[in-house]
Amino acid sequence: MNWIQDSLQLARQLHPIFEQIGIAYYITGGVAATAYGDPRTTRALDVVLNVSKSDMATLVSALETAGFYVPGVEDIISGRMRTLQIIHQETVMQADLILSGEESWDTVKFERRRLEGELYFISPEDIVLSKLLWRRRSRSETQWRDILGVLKVQHESLDFEYLREWADRLAMSDDLAQAFQESGVG
């Protein structure tokens, strides 16, 4: 039997926890790519958090109170890891909570996040750029399909100047040009 997680349902469970504590977040990864591009199944909910290490105890307590198993907190606090892999104990749904970096683009992504319904998502431009970076490391065809899907579906509303500027800053101009060509946009 195959079990498919409802990542948006899980995100709706996490949203009030983050809001109550005052932690800014956005959904990224496959869930965001699917929201902006071509549908596909994804097994994970990836959420980027703008949270200080001093607020981690409050966050962990709130998550545990809401029924989540939260291993690896010591690794986050010590700086050895940047991702908490949490599991809702009743539903067995899981999410990766990723601590935001401190580079200028990390700050910009939070400024550009979008409220879609009741949940915050990374912007379509930033999911394209993020997936270009992930693809560079992994050579994943799934990342490439996500990039092309977002470009095709969102092409009329994309900020191409922003995409080109950040692709240049991130040394990915050739990759972005290839994505534009293969998707037929740009």
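This text goes with the structure placed above it.
All figures in this text were calculated on a predicted structure; none of them were measured in a lab. (Residues numbered from 1 in each chain as written. Predicted model: local features only at pLDDT ≥ 70, side-chain atom pairs only at ≥ 80, totals over all residues. Heavy atoms only, no water.)

*Asks:* Go over the overall build of the protein with me, naming the residues and quoting the values.
*Replies:* In terms of regular secondary structure, the protein is built from nine helices and seven strands. Computed over the C-alpha atoms, the radius of gyration of the protein is 17 Å, within 12% of the 16 Å expected from 2.2 N^0.38 for a compact globule of 186 residues. Along the three orthogonal principal directions, the C-alpha set of the protein runs to about 50 × 40 × 30 Å. Here the contacts in the protein between residues at least 6 apart in sequence split such that 61% fall between residues at least 24 apart. (Helix = DSSP H or I, 4+ residues; strand = E, 2+ residues; numbered from the N terminus. Rg over C-alpha atoms; globule rule 2.2 N^0.38 Å. Contact = heavy atoms within 4.5 Å.)

*Asks:* Describe the nonpolar core, with residues and values.
*Replies:* The nonpolar side chains of a soluble globular protein tend to be buried with one another. Counting 61 residues, the largest nonpolar core has Leu14 and Leu97 as its most contacted members. In contact with Leu14, other than residues within four places in its own chain, are Leu45, Leu63, Phe68, Ile86, Ala95 and Leu97. (Core = buried A, V, L, I, M, F, W, Y, C linked by side-chain atoms within 4.5 Å. Buried < 20%, exposed > 50% of the residue type's maximum accessible area, 1.4 Å probe, protein only.)

*Asks:* Would you mind going over the pattern of salt bridges in detail, with residue names and values included?
*Replies:* Here the structure, examined in full by the defined rule, presents eight salt bridges. We note a salt bridge from Asp146 to Arg40, for which the minimum N-O separation is 2.7 Å. Of this pair, Asp146 sits in helix α7 (residues 141-154) while Arg40 sits in the loop between α2 (29-36) and β2 (45-50), and the two are 106 residues apart along the sequence. Residue Asp146 is classed as buried on the basis of its relative accessible area of 5%. Between Asp106 and Lys109 there is a salt bridge, with the nearest N and O atoms lying 3.7 Å from each other. (Salt bridge = Lys/Arg side-chain N within 4 Å of Asp/Glu carboxyl O.)

*Asks:* How would you summarise the packing of aromatic side chains if you had to cite specific residues and measurements?
*Replies:* This model, assessed by the stated rule, comprises seven aromatic pairs. Measuring from ring centre to ring centre gives 6.3 Å for Tyr36 and Phe121, while their planes differ by 70 degrees; the resulting arrangement is edge-to-face. Here the residue Tyr36 occupies a position in helix α2, and Phe121 occupies one in strand β7 (residues 119-121), the gap between them amounting to 85 residues. With a relative accessible area of 4%, Tyr36 lands in the buried category. (Phe/Tyr/Trp six-rings, centres within 6.5 Å; stacked < 30°, edge-to-face > 60°.)

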